[in-house]
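# Analysis of the macromolecular model
Here is how the chains run, residue by residue.
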Amino acid sequence: MSFRRDHDAELNWRRWVRAHEAELIAIGIPREVWADRLTWWRFVDHGYHPPASNAREVRFSPDDLPASQQRRLYVFLDSILPEMRYGSSLWAVLRSRFGAMSQSERYPP
């Protein structure tokens, strides 16, 4: 039964990546950050990649992106994390920078 659940989780992850790949690339998130589900959620939970037991190991942080791309990442996370955003360090940091946005600010004409 465990194999089946792992297979289903991997299949769901691949679907999620296909659905969001263009946006992740446009934001500037390196592929290695969303190469697998665990790596992506660790990034969202902690706000950097990879988990840094040593500061020299941090290879990507949203701070590496210009403010406009950070804001785009915030909008993206706001749309995909509705039920769990408050447990996400990354979303919390970006929200503190860009604040709550109205619907029209998220998707300008």
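See above for the structure.
The rules behind these values
- Residues numbered from 1 in each chain as written.
- Predicted model: local features only at pLDDT ≥ 70, side-chain atom pairs only at ≥ 80, totals over all residues.
- Heavy atoms only, no water.
- Helix = DSSP H or I, 4+ residues; strand = E, 2+ residues; numbered from the N terminus.
- Buried < 20%, exposed > 50% of the residue type's maximum accessible area, 1.4 Å probe, protein only.
- Contact = heavy atoms within 4.5 Å.
- Areas by Shrake-Rupley, 256 points an atom, 1.4 Å probe, with all protein chains shown as cover.
- Core = buried A, V, L, I, M, F, W, Y, C linked by side-chain atoms within 4.5 Å.
- Salt bridge = Lys/Arg side-chain N within 4 Å of Asp/Glu carboxyl O.
- Axes fitted to C-alpha atoms, helices over the stretch in contact; angles between N-to-C directions.
- Parallel < 35°, antiparallel > 145°, perpendicular 65-115°, else oblique.
- Left-handed = near helix turned anticlockwise from the far one by under 90°.

## Digging into the overall build of the chain
When helices and strands are counted, the chain shows five helices and zero strands. Element order for the chain, N to C, with α for helix and β for strand: α-α-α-α-α. Within the chain, the proportion of its 109 residues that are buried is 35%. In the chain, 54% of the contacts between residues at least 6 apart in sequence involve partners at least 24 apart. Accessible surface, the chain: about 6,900 Å² in total, of which carbon and sulfur atoms supply 52%.

## Looking at the nonpolar core
Within the largest apolar cluster, 23 residues are counted, with the highest numbers of intra-cluster contacts made by I29, W40, F76 and L77. At the level of elements, α1 (2-27), α2 (37-46), α3 (67-80) and α4 (89-98) are the ones that each hand at least two residues to this core. Contacts of W40, omitting those with residues within four sequence positions, involve W13, W16, L24, I29, V33, W34, F76, L77 and I80.

## A closer look at the pattern of salt bridges
In total, this model carries five salt bridges according to the counting rule given. For R72, the salt bridge goes to E23, with nearest N and O atoms at 2.9 Å. One end of the pair, R72, is in helix α3; the other, E23, is in helix α1, with 49 residues separating them in the sequence. As a salt-bridge pair, D63 and R97 come within 2.7 Å of each other at their nearest N and O atoms. Placement of D63 in the loop between α2 and α3 and of R97 in helix α4 is noted, with a sequence separation of 34 residues between them.

## Re the environment of L73
Relative to the helices and strands, L73 is located in helix α3. Judged by its relative accessible area of 0%, L73 is buried. Through-space distance from the C-alpha of L73 to that of I27 is 6.2 Å; in sequence the pair is 46 residues apart.

## Description of the packing of α3 against α4
When two helices pack together, their arrangement is given by the angle between their axes and by how far apart the axes lie. α4 packs onto α3 with a crossing angle of 120 degrees between their chain directions and a minimal axis gap of 9 Å. The angle between α3 and α4 places the two elements in the oblique class. The handedness of the crossing between α3 and α4 comes out as left-handed. Where α3 approaches α4, its residues A67, Q70, R71, L73, Y74, L77 and D78 are matched on the opposing element by L90, W91, L94, R95, R97 and F98.

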